[in-house]
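Coordinates in review
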Amino acid sequence: RLGVFFTKDKQFRTMSQSGFSISEYHDIKPIYQKLDKLVSLPLQHIKPEAMDGYLNYYKTKCTKSREVYDKARQYIPGGVQHNLAFNYPFPLTFTKAEGAHLYDVDGNKYIDFLQAGGPTVLGSNYPLVREKAIELINDCGPSTGLLHEYEYKLAEIICKNIPAVEQFRMLGSGTEAVMGALRLARIKTGKSKVIKIGGAYHGWSDQMVYDLRIPGTRFFDAKGIPFMMHWHTQAVPPNDIDALESKLKWNRLRGGTAAVILEPLGPESGTYPVYKEFAQQARQLCDQYGTLLIFDEVVTAFRVGMSGAQGYFGVKPDLTIFGKVVAGGYPAAGGIGGKAEYMDGLAAGLQGGKKVKVGGTLAANPLSCCAGYHTLAEIERTNACEIAGKAGDRITHGLNGLIDKYGLPFVAYNQGSICHLEAAGTLFVKIKLSKIKSVLAEINQRKKLMEEYGAAYMAEGIVTLAGSRLYCSLADTDEVIDDALNRFERVFKNVQKK
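Anyway, here's the lowdown on the structure attached to this text. Given the structure is predicted, the values throughout are model-derived calculations rather than measurements.

Details of a nonpolar patch on the surface
- Taken together, the side chains of Phe220, Leu433, Ile436 and Leu440 make up a nonpolar region of the molecular surface, amounting to roughly 350 Å² of accessible area.
- Tracing the backbone shows Ile436 in helix H14 (residues 436-459).
- A residue is classified by how much of its surface remains accessible, and Ile436, at 31% relative accessible area, is partly exposed.

And the structure:
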């Protein structure tokens, strides 16, 4: 679907026009062929002498970080409060963020491709947003528990830009938003089943800790969760539209499906890329079976473009999940958007009718709403999505050049500013229940290899997400990208090929 798509009094651009971070949608077949080959080969370790040098960096250049980590382990389980913070051999402590760079407590400088896990499309600690946040704190403090004008200003800019969103309710996280959206889908449809795409992460609520990260793992990560919590949760493999239809058809005989929830670029922020018609086909199936379609746009909203992935694909979900960027990288980032006829089920206060129970004392606090509003306004003003997408294209092209130069089986691909670099292929191990012990052993070995590469990248001054994902931003100039490629090359030339 190309051209201009209209909804109510809004219009948005689709794939044929500019403004999006994705310059050209990828053909997924060669990507999966390369990933299958990567997983079929022996593990490609970094040469022992080179790895020793990288580990020595941590011993000699990161002594203050080590001291902080040792103290933290006394009071924090595992020594860190967030999964993204851990890296092998130990987490570094960062004290300064500025644009495309981070600085640790020892004074070491890094190129920041983590970007707080994706929300800082403008780059870290963007000056205007910081100034507006300080002004607000000076005026009223970060939270009052009462209505503030930035609540409606943030909701307004979201509703004006995201095609399928007529109303927006802010919550504390993407996890909370998914919980609320599934409840909402159930009261609006009168049905119970929820279908997700295998491998996707939709938060850590009980019903969604199912088939995480690797399709087919089902209950593997559901520790401490009663089996019955997944009674109504189902998963189908990525790119298998026939499996989705079969599940919908079967569910119709058992009370029906309340919602299909998916990441429009594919599970794990596009780590498992989907063919470009997949979202549209899912939309058609949901219409056919009376099911609500939920887009999880925690990563893609305002990163793929101002109209999100739904604007790029020209597909309107019934509900949209938000997170990360709606608070501009500040805390309390989450929310649900959708058609007014559905969103009235989230109304607050003493209004009557059938309502979904949601809440959060610090949700939609003035500080987060202020930061979110000015972040989105600046993304629009600066055309940050498209610029960050060009940076993503540049680094992906450069990484593929290095992969070819050194004859490595690694795989690099991107969806605009969301870039993937697979050196271990951990998430692409095929699950075979008949050989589950050996499969889990292989996954564990590949996970350790991911940590090895993550440590090497960090020692070379590159911060990534788990050594396999990079988020580009407005701050990533050609000079920054080329500097990063030189650093990646120093790692690649030390790979012990097998």
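There is more to say, and it comes next.
Section: the sheet that holds strand E3 (residues 94-98)
- Taken in spatial order, the four strands of this open sheet run E3-E4-E5-E15, and their pairing is mixed. Two strands bound the open sheet, and with one partner strand each, they are E3 and strand E15 (462-463).
- Pairing analysis gives two bridges linking strand E5 (residues 109-112) to E15, with the strands arranged parallel. Looking across to E15, one finds that Ile111 is bridged to Ile462.
- Against the sheet, helix H15 (residues 478-492) engages strand E4 (101-104), E5 and E15, with an angle of about 110° to E5.

As for the nonpolar core
- Counting residues in hydrophobic clusters, the biggest one holds 104 residues, and the most contacted among them are Ile395, Phe488 and Phe492.
- Ranked by residues supplied to this core, first place goes to H14 with eight residues.
- Apart from the residues lying within four places of it in its own chain, the contact partners of Ile395 are Phe113, Cys419, Leu470, Cys472, Ile481, Ala484, Leu485 and Phe488.
- Ile157, Val165, Phe168 and Phe302 belong to the second-largest nonpolar core, a separate cluster that totals 33 residues.

Overview of helix H3 (residues 63-75)
- Those residues of H3 not exposed but buried are Ser65, Tyr69 and Ala72. Taken down its axis, H3 places every buried residue within 65° of arc, on the same side. The exposed residues of H3 that point more than 90 degrees off its buried face are Lys71 and Gln74.
- Contacts made by the buried residues of H3 are with E4.

Here we look at the pattern of salt bridges
- Applying the stated criterion to the full structure yields 19 salt bridges.
- Ionic pairing is found between Arg73 and Asp70, a salt bridge with its closest N-O pair at 2.9 Å. Of this pair, Arg73 and Asp70 are both found in helix H3, three residues apart, which corresponds to roughly one turn of the helix.
- Note on Arg73: relative accessible area 43%, which makes it partly exposed.
- Note on Asp70: relative accessible area 30%, which makes it partly exposed.
- Here Arg446 and Glu442 are joined by a salt bridge, their closest N and O atoms 3.0 Å apart. Pair noted here: Arg446 and Glu442 are both in helix H14, with a separation of four residues, about one helical turn.
- The class for Arg446 is buried, based on a relative accessible area of 3%.
- Here the residues in one salt-bridge network are Arg283, Asp287, Asp318 and Lys339, joined through shared partners.

Some details on the packing of aromatic side chains
- According to the stated counting rule, one finds 19 aromatic pairs in the structure shown.
- Relative to Phe227, the ring of Phe219 has its centre 5.1 Å away and its plane inclined at 45°; by these criteria the two rings are tilted.
- The exposure class assigned to Phe219 is partly exposed, which follows from its relative accessible area of 27%.
- Ring geometry for Tyr312 and Phe313: centres 5.2 Å apart, planes at 80°, overall edge-to-face.
- Relative accessible area serves as the criterion here: at 5%, Phe313 is assigned to the buried category.
- Here the aromatic cluster, defined as three or more aromatic residues joined through ring pairs, consists of Phe410, Tyr453, Tyr457, Phe488 and Phe492.
- The positively charged end of Lys96 is found above the aromatic ring belonging to Tyr103, 5.0 Å away from the centroid.
- The ring of Phe220 carries Lys223 above its face, with NZ or CZ at 4.5 Å from the centroid.

A few points about the pairing of E3
- Summarising the sheet, E3 and E4 pair through four bridges and their orientation is antiparallel. Paired with Glu98 across the strands is His101, a residue of E4.
- Here E3 hands over to E4 after two residues, with Gly99 in that stretch at a positive phi of 65°.

A look at the packing of helix H5 (residues 149-161) against helix H12 (residues 366-382)
- Two elements in contact, H5 and H12, have axes separated by 8 Å at closest approach and are oriented at 35°. Considering how the two elements wind past one another, H5 and H12 form a crossing that is left-handed. Residues Tyr150, Glu151, Lys153, Leu154, Ile157, Ile158 and Asn161 of H5 pack against Pro366, Cys369, Cys370, Gly372, Tyr373, His374, Leu376, Ala377 and Glu380 of H12.

Thresholds applied
- Residues numbered from 1 in each chain as written.
- Predicted model: local features only at pLDDT ≥ 70, side-chain atom pairs only at ≥ 80, totals over all residues.
- Heavy atoms only, no water.
- Patch = residues over 30% accessible without salt bridge, like charges linked within 9 Å, V, L, I, M, F, W, Y side chains within 5 Å.
- Areas by Shrake-Rupley, 256 points an atom, 1.4 Å probe, with all protein chains shown as cover.
- Salt bridge = Lys/Arg side-chain N within 4 Å of Asp/Glu carboxyl O.
- Helix = DSSP H or I, 4+ residues; strand = E, 2+ residues; numbered from the N terminus.
- Buried < 20%, exposed > 50% of the residue type's maximum accessible area, 1.4 Å probe, protein only.
- Pairing = 2+ DSSP bridges.
- Contact = heavy atoms within 4.5 Å.
- Axes fitted to C-alpha atoms, helices over the stretch in contact; angles between N-to-C directions.
- Core = buried A, V, L, I, M, F, W, Y, C linked by side-chain atoms within 4.5 Å.
- Arc of directions from axis to C-beta.
- Phe/Tyr/Trp six-rings, centres within 6.5 Å; stacked < 30°, edge-to-face > 60°.
- Lys NZ or Arg CZ within 6 Å of the ring centre and 35° of its normal.
- Left-handed = near helix turned anticlockwise from the far one by under 90°.

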